[in-house]
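Coordinates in review
As a plain string of letters, each chain reads:
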Amino acid sequence: MNPVNRACRAAASITFILTLLAVSGAAANADNSQVAQIKTVSGQAEIVRNGARVAARIGDPLYEKDTIDTGGDGSIGITFIDNTVMSSGPNSEIVLEDYKFNSSDFKGSMLTDMNRGTVSMISGDIARSSPGAMKVKTPTAILGVRGTRFVIEVKDNR
Amino acid sequence: MHRIALVLALLTLASCSSRQSLFVVLPNPDGSSGAVTIEDGQKSVLLDHPYAAGEVRSGVAAPVQVDQTQVQQIFGNALAAQPVLPSHFVLYFEKDSDTLTPASALQYQAVFTDIKRRQVYEVEVIGHTDTLGNPPHNQQLSMSRAVMIRDRLVRDGISPKSISVAGRGQLDLAVKTADQVAEPRNRRVEITVR
């Protein structure tokens, strides 16, 4: 085997092992089922998952604990599996802190951390399922949602 | 020196008392609205009509006046990024069959059109039956109704990996009835498109 071939083999093996690690890492998440899907993206919008930062792409799934981060020209729109619809404007940071939904009885709970920026929300099955099931936390207050459409701005005071 | 200290103190005070967050309830398409409560740790402010707004300054929540123009100025980009809203459809079936009623066969086209207008989509199809027949049979029947719709959508070009199916048998009646009651409104699939 010539050296080039050997290097290629080695690279392939390393890629394979890294892929295995990535897959097992994802599976090791406490709860890795999809909670939402990205529907619209404009400008700079990123998802932070397990410390890694990736560009947000239309059609990509989102999971509990994901952070949505938009830049100065960015915006993003997502729809959750309980039909909650959420979209945010530029310079926004939102964490999908807690999300539980049972698609058989349409009950669940969700807590979203709105750290900075602007967000528009239209509640879905979770807010309907019981009072107090849907909450949004900002650095200075907690919003209890009984429905349906509302917007929040959090100033960046860092 | 004192003057600088005063300016600094005033600046600090100004930033303390500037708005930290703003909350606005928006109207539903029919003009009604839901409600939200702002909890600042001490008290709670209820916002329960269209354009009802509250803000937090120095950690204290209070109602505030906001008009439509201000909402558009502050939230225009967020609102423009809003996805197409989810849609819900109900299609009905002939008795003990996975054949659509004539009316629902026509309505199928509306489901298909709704899916196609979305750039990306997820479709949930959940089958149901009335209480005629036994539960195991109805479980199977509800599933074959859902599968029939999925197969039709796939034949029409909808991506199979974006469609989920489930059968709920006679567990979730749209119209509550006694056992062994033929009820056309219970022989259905519920379809969510988002």
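Here the structure is a predicted model, which means the values were calculated and not measured.

What counts and how
- Residues numbered from 1 in each chain as written.
- Chains lettered and ligands numbered in written order.
- Predicted model: local features only at pLDDT ≥ 70, side-chain atom pairs only at ≥ 80, totals over all residues.
- Helix = DSSP H or I, 4+ residues; strand = E, 2+ residues; numbered from the N terminus.
- Rg over C-alpha atoms; globule rule 2.2 N^0.38 Å.
- Buried ≥ 20, exposed ≤ 12 C-beta atoms within 10 Å, placed from the backbone.
- Domains from an automatic or database assignment.
- Core = buried A, V, L, I, M, F, W, Y, C linked by C-beta atoms within 7 Å.
- Contact = placed C-beta atoms within 7 Å.
- Nonpolar A, V, L, I, M, F, W, Y, C, P; charged D, E, K, R; others polar.
- Pairing = 2+ DSSP bridges.

1. A word on the overall build of chain B
- Within chain B, the secondary structure is distributed over 4 helices and 9 strands.
- Taken from the N to the C terminus, the helices and strands of chain B come in the order α-β-β-β-β-β-α-β-α-β-α-β-β.
- Relative to its length of 194 residues, chain B is extended, with a C-alpha radius of gyration of 26 Å against a globular reference of 16 Å.
- In terms of principal-axis extent, the alpha carbons of chain B reach across some 90 × 40 × 30 Å.
- Buried residues in chain B amount to 34% of all 194 residues.

2. Structural notes on the domain arrangement of chain B
- Parsing chain B into structural domains produces domain 1 (19-80) and domain 2 (87-193).
- For domain 1 of chain B versus domain 2 of chain B, the separation of C-alpha centres amounts to 39 Å.

3. Quick look at the nonpolar core
- Counting 52 residues, the largest nonpolar core has A:F150, A:I152 and B:F23 as the members making the most contacts within it.
- Among the nonpolar cores identified, the runner-up in size contains 19 residues, and B:A146, B:L153, B:I163 and B:V189 belong to it.

4. Overview of the interface of chain A and chain B
- At the junction of the two partners, chain A supplies 40 residues and chain B supplies 37 residues.
- Every element with two or more residues in the side of chain A that touches chain B is listed here: β1 (34-42), β6 (75-80), β7 (85-88), β9 (107-122), β11 (142-147) and β12 (149-154) of chain A.
- Here the side of chain A that touches chain B is composed, by residue class, of 15 nonpolar, 20 polar and 5 charged.
- Where β12(A) and strand β1 (residues 19-26) of chain B come together, 6 bridges link them in antiparallel fashion. Paired with A:I152 across the bridge in β1(B) is B:F23.

5. Observations regarding unusual backbone geometry
- Along the chain, A:G147 connects to A:T148 via a cis peptide bond; the corresponding omega equals -25°.
- One can find A:T148 in the loop between β11 and β12.
- Phi is positive for A:N91, which is not a glycine, with a value near 50°.
- When the 17 C-beta atoms within 10 Å are taken as the criterion, A:N91 is described as partly exposed.
- The residue B:D96 is not glycine, and still its phi comes out positive at about 50°.
- Relative to the assigned elements, B:D96 resides in the loop between β6 (87-92) and α3 (102-116).

6. Side note on the environment of A:Q37
- Assignment of secondary structure puts A:Q37 in strand β1.
- Distance in space between the C-alpha atoms of A:Q37 and A:T79 is 5.6 Å, their sequence separation being 42 residues.
- Residues in contact with A:Q37, not counting those within four places in the same chain, are A:G59, A:P61, A:L62, A:I78, A:T79, B:V120 and B:E122.

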